[in-house]
Amino acid sequence: MAAGGGGVADPLSPAGVPCAFSPQSQAYFALASTDGHLRVWETANNRLHQEYVPSAHLSGTCTCLAWAPARLQAKETPQRKKRKSEAIGTSNQTDLLALGTAVGSILLYSTVKGELHSKLISGGHDNKVNCIQWHQDNGYLYSCSDDKHIVEWNTQTCKVKCKWKGDNSSVSSLCISPDGKMLLSAGRTIKLWVLETKEIYRHFTGHATPVSSLLFTTIRPPNESQPFDGITGLYFLSGAVHDRLLNVWQVRSENKEKNAVMSFTVTDEPVYIDLTLSENKEEPVKLAVVCKDGQVHLFEHILNGYCKKPLTSNCTIQIATPGKGKKSTPKPIPILAAGFCSDKMSLLLVYGNWFQPTIERVALNSKESHVCLVRDISNCWAPKVETAITKVRTPVMNSEAKVLVPGIPGHQAAIKPALPQTEEIENKRKLGENEVSIEERLGALDIDTRKEKDDLPQTNSFPVLLAQGLESNDFEMLNKVLQTRNLNLIKRTVLRMPLHAVIPLLQELTKRLQGHPNSAVLMVQWLKCVLTVHASYLSTLPDLVPQLGTLYQLMESRVKTFQKLSHLHGKLILLITQVTASEKTKGTTCPAQKAKLVYEEESSEEESDDEIADKDSDENWDEEDEEEKESIKDEDVDEENEEEDEDTEEKDEENGEDRDVASEKELNGDSDLDPENESEEE
């Protein structure tokens, strides 16, 4: 039987505290509370056995713990004759408890001595220790941390034997194989290491969130006909933070299969896991899983291969207080841890609170699927003075004193300076009176602690407001949160909201989506953030479809016409683009067209230019001929005119009357020659 449970790798949402049952018939139960105290309880009589407070319990709180295995304790008997003091020292080392701290150191505490045995510091981790595992044969200690490394310690010399990088991110869980030759490590993916060579033997897919627990479930493979090498065919179990599925993996001979072969479904994140090992193929594995919601789920299954559907629990155990009277209702009591007894037919339950838990042995009844135990722990809530707290004094307080506790939702301390009282204080100072008393100074601050009935709780934490509004179904409070338009605020609220409020929030968003379209726009932003952030959580819900059936139908009806609208939108875009393109072409001038025409007609223009040049040359020849002819005609005309002038002169000399006739002839001769000259010019 192996006991599991330890610190969770995600610091923002821790589930439970480090605790474990001792390997020797579960005689002791050790837990490390958040205040840094280690308490060891006796399971038989529910009494505090020891309490240890480390020197650095505030700065280096305990993050994980592990008991030394029973096999190791049996092998630590002295092999040679030793003195009495040496023999006593060796026997005292059997009940060792290893404690991992937030600063990277490891403490070895002896429950027999009741004091610190040794401290492992040098060469180890630089960050928070997430898990510790003892080797059952050689007494070595293996630890993993947020610094991505795995360390192998020699507890005799308190020194590091080997240190190697286990993952690219923080390593959150470890487990040693039954034969002691292999080591499982997990961050988000799971790796199987060979301890002798520190080499990776197999890879497994792992989880979407950091793995919080690793446990081997079988000692022998189901197929006993083949030779067994110590690891092939074995099954192991893994659980992760914020994951409601526990996956079962099988180490295969080939390295192809990396997925889980089956899974167990629970109601909430696993906090503590314990199981009984299956020693042959016919013996079923019994599994007890304590969830964050305070329930215990019991499984009993024979691991014989692949199973597609997640397996549900055979029995669920809850504890509640008795309802006294008609007005008082029963209240659930959270179960903190559960471990199988050596007979495998009974279960040790640890419930109540961490400072004063109640430990009870319960017989298993597999016939009933749900068991609710009624327990009255009203007297157990207060710690016993003689055992738990011995040196605490309660301060004497006046009945009129008012204690202001920070961090309570609804507390408001608004500082509003009062004008009249401050004026009186200043007047006293001016008049030279005695110094103002502290009472008057405090009165001047006017601390208003009154709370109006109609006001909402004054707090800036939207996740708290959202959870309160969903639980109380307060419409105004939900409006205050859901009407915000800040996307970053919506994302931060969804990230920090508790998981149990996811389904009620989706149901509230479904109601609001059916309302006014303006409010539906805001609800879609919330719905998008919830589905993207909590997708892994929602995928683990077995009854998700009936719970969100209304939302599916609503989304289907809203998106039904989207395809037709998208087709119409595409056609309209094509039409609009064609119309705008045609308008642009009409509105522009044609410089580009001219350039195209000029470019295309360059050859024809060149030819035409040549032809025109030839024609011009021919016309020039014709004009020269015409000019020569005209010059000849002009010479003839000039000669005739000279002769006529001579005749006229002779006639003028002879007869003065004939001059008028000669002048008329000359005029007639000029007029006769004018049309010829005009035709020649044309």
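Only a predicted model underlies this, so the values are computations on that prediction, with no experimental measurement involved.

(A) Broad picture of the overall build of the protein chain. If you tally the helices and strands in the protein chain, you get 16 helices and 30 strands. Counting the 682 residues in the protein chain, one finds 39% classified as buried. For the protein chain, long-range pairs separated by at least 24 residues make up 52% of all intrachain contacts whose partners lie at least 6 apart in sequence.

(B) Helix H6 (residues 475-482), seen in detail. Met477, Leu478, Val481 and Leu482 are the residues of H6 that are buried. Viewed end-on, H6 has its buried residues packed into an arc of 120°, placing them on one side of the element. Across from the buried face of H6, at angles greater than 90 degrees, the exposed residues are Phe475 and Glu476. Each element contacted by the buried residues of H6 is listed here: helix H5 (462-472), helix H8 (502-513) and helix H9 (517-533). Of the residues that open H6, the one with a side-chain oxygen 3.2 Å from the backbone nitrogen of Glu476 is Asp474.

(C) Main features of the UniProt feature "repeat: WD" (unreviewed entry) in the protein chain. Per the UniProt record, the feature "repeat: WD" (unreviewed entry) sits at residues 122-157. Between the C-alpha atoms that bound residues 122-157 the distance is 11 Å, and the span itself is 0% helix and 50% strand.

(D) Fine view of the confidence of the model for the protein chain. Of all residues in the protein chain, 67% attain a pLDDT of 70 or more, and the chain-wide mean is 76. A low-confidence stretch, residues 381-391 stays under pLDDT 50, and its non-local contacts, those more than four residues away or across chains, total 14 contacts. For the stretch residues 407-420, pLDDT sits under 50, and the model shows 23 contacts to residues farther than four places along the chain or on other chains.

(E) Here's a closer look at the packing of aromatic side chains. Counted according to the given criterion, the structure contains nine aromatic pairs. Measuring from ring centre to ring centre gives 4.8 Å for Phe21 and Phe29, while their planes differ by 50°; the resulting arrangement is tilted. Of the two residues, Phe21 and Phe29, neither departs from the other in class, the shared state being buried. Members of the aromatic cluster, each reached through a chain of ring pairs, are Phe204, Phe216, Phe236 and Trp249. Geometry around Tyr201 places Arg202 over its ring, the cationic atom sitting 4.3 Å from the centre.

(F) Inspection of the environment of Ser278 at higher detail. Its location among the elements puts Ser278 in the loop between strand E22 (270-276) and strand E23 (285-291). Every residue in contact with Ser278, bar those within four places of it in the chain, is listed here: Thr217, Thr218, Ile219, Arg220, Glu283, Pro284 and Val285. Here Glu283 takes part through its backbone oxygen, which lies 2.7 Å from a polar atom of the side chain of Ser278.

(G) The arrangement of unusual backbone geometry in detail. Positive phi values are uncommon outside glycine, yet Lys198 reaches one of about 60°. When its relative accessible area of 18% is taken as the criterion, Lys198 is described as buried. Positive phi is not limited to glycine here, since Lys344 has a value of about 65°. Mapping Lys344 onto the fold places it in the loop between strand E27 (335-340) and strand E28 (346-352).

(H) Here's a closer look at the environment of Gln318. The residue Gln318 is located in strand E25 (residues 315-320) in this model. Spatially, the C-alpha atom of Gln318 lies 7.6 Å from that of Ile335, the residues being 17 residues apart in sequence. With sequence-adjacent residues up to four places away left out, Gln318 is seen in contact with Gln295, His370, Val371, Cys372 and Leu373. Among the polar contacts made by the side chain of Gln318, one reaches the side chain of His370 at a distance of 3.0 Å.

(I) Region of the structure containing the environment of Asn247. Within the fold, Asn247 resides in strand E20 (residues 245-250). Separated by 15 residues in sequence, Asn247 and Met262 place their C-alpha atoms 6.1 Å apart. For Asn247, the residues in contact, after removing those within four places along its chain, are Gly206, His207, Phe236, Leu237, Ser238, Ala260, Met262 and Ser263.

(J) Structural detail: the sheet that holds strand E9 (residues 115-120). Sheet architecture is open: four strands sit in the order E6-E7-E8-E9, paired in antiparallel fashion. This sheet does not close on itself; its edge strands, each paired only once, are strand E6 (62-67) and E9. Strand-to-strand twist in this sheet, taken as the mean axis angle between neighbours without regard to direction, amounts to 25°. Where strand E7 (residues 96-101) lies against strand E8 (residues 106-110), five bridges are found, and the strand directions are antiparallel. By the bridge assignment for E8, Leu99 is matched with Leu107.

(K) Examining the pattern of salt bridges more closely. Summed over the entire model, instances satisfying the criterion amount to eight salt bridges. Arg39 serves as the salt-bridge partner of Glu51, at 3.5 Å between the closest nitrogen and oxygen. You can see Glu51 sitting in strand E5 (residues 47-52) and its partner Arg39 sitting in strand E4 (residues 38-42), a full 12 residues away along the chain. We classify Glu51 as partly exposed; its relative accessible area is 31%. Put simply, Glu283 and Lys344 hold a salt bridge, and the shortest N to O gap is 3.1 Å. Of this pair, Glu283 sits in the loop between E22 and E23 while Lys344 sits in the loop between E27 and E28, placing them 61 residues apart in sequence.

(L) Expanded view of the packing of H8 against H9. Contact geometry of H8 with H9 gives a least axis separation of 9 Å together with a crossing angle of 155°. When the interaxial angle is binned, H8 and H9 end up roughly antiparallel. For the element pair H8 and H9, the recorded crossing hand is left-handed. Contacts between H8 and H9 involve Val502, Leu505, Leu506, Leu509, Arg512 and Leu513 from the first element and Ser519, Ala520, Met523, Val524, Trp526, Leu527, Val530 and Leu531 from the second. When grouped by side-chain class, the residues that make up the contact of H8 with H9 number 12 nonpolar, one polar and one charged.

(M) Structural context of the sheet that holds strand E14 (residues 173-176). Spatial strand order, E14-E15-E16-E17: four strands in an open sheet with antiparallel pairing. Strands at the two margins of the open sheet, each flanked by one partner only, are E14 and strand E17 (199-204). Put simply, the sheet's adjacent strands are angled 20° from each other on average, direction ignored. Relative to strand E15 (residues 182-186), E14 runs antiparallel, the two being bridged by four bridges. Bridge pairing links Ile176 to Leu183 in E15.

The rules behind each value
- Residues numbered from 1 in each chain as written.
- Predicted model: local features only at pLDDT ≥ 70, side-chain atom pairs only at ≥ 80, totals over all residues.
- Heavy atoms only, no water.
- Helix = DSSP H or I, 4+ residues; strand = E, 2+ residues; numbered from the N terminus.
- Buried < 20%, exposed > 50% of the residue type's maximum accessible area, 1.4 Å probe, protein only.
- Contact = heavy atoms within 4.5 Å.
- Arc of directions from axis to C-beta.
- Polar contact = N/O pair within 3.5 Å; in protein donor to acceptor, adjacent residues only side chain to side chain.
- UniProt positions renumbered as here; feature names shortened; annotations may be inferred.
- pLDDT = per-residue confidence, 0-100.
- Phe/Tyr/Trp six-rings, centres within 6.5 Å; stacked < 30°, edge-to-face > 60°.
- Lys NZ or Arg CZ within 6 Å of the ring centre and 35° of its normal.
- Pairing = 2+ DSSP bridges.
- Axes fitted to C-alpha atoms, helices over the stretch in contact; angles between N-to-C directions.
- Salt bridge = Lys/Arg side-chain N within 4 Å of Asp/Glu carboxyl O.
- Parallel < 35°, antiparallel > 145°, perpendicular 65-115°, else oblique.
- Left-handed = near helix turned anticlockwise from the far one by under 90°.
- Nonpolar A, V, L, I, M, F, W, Y, C, P; charged D, E, K, R; others polar.

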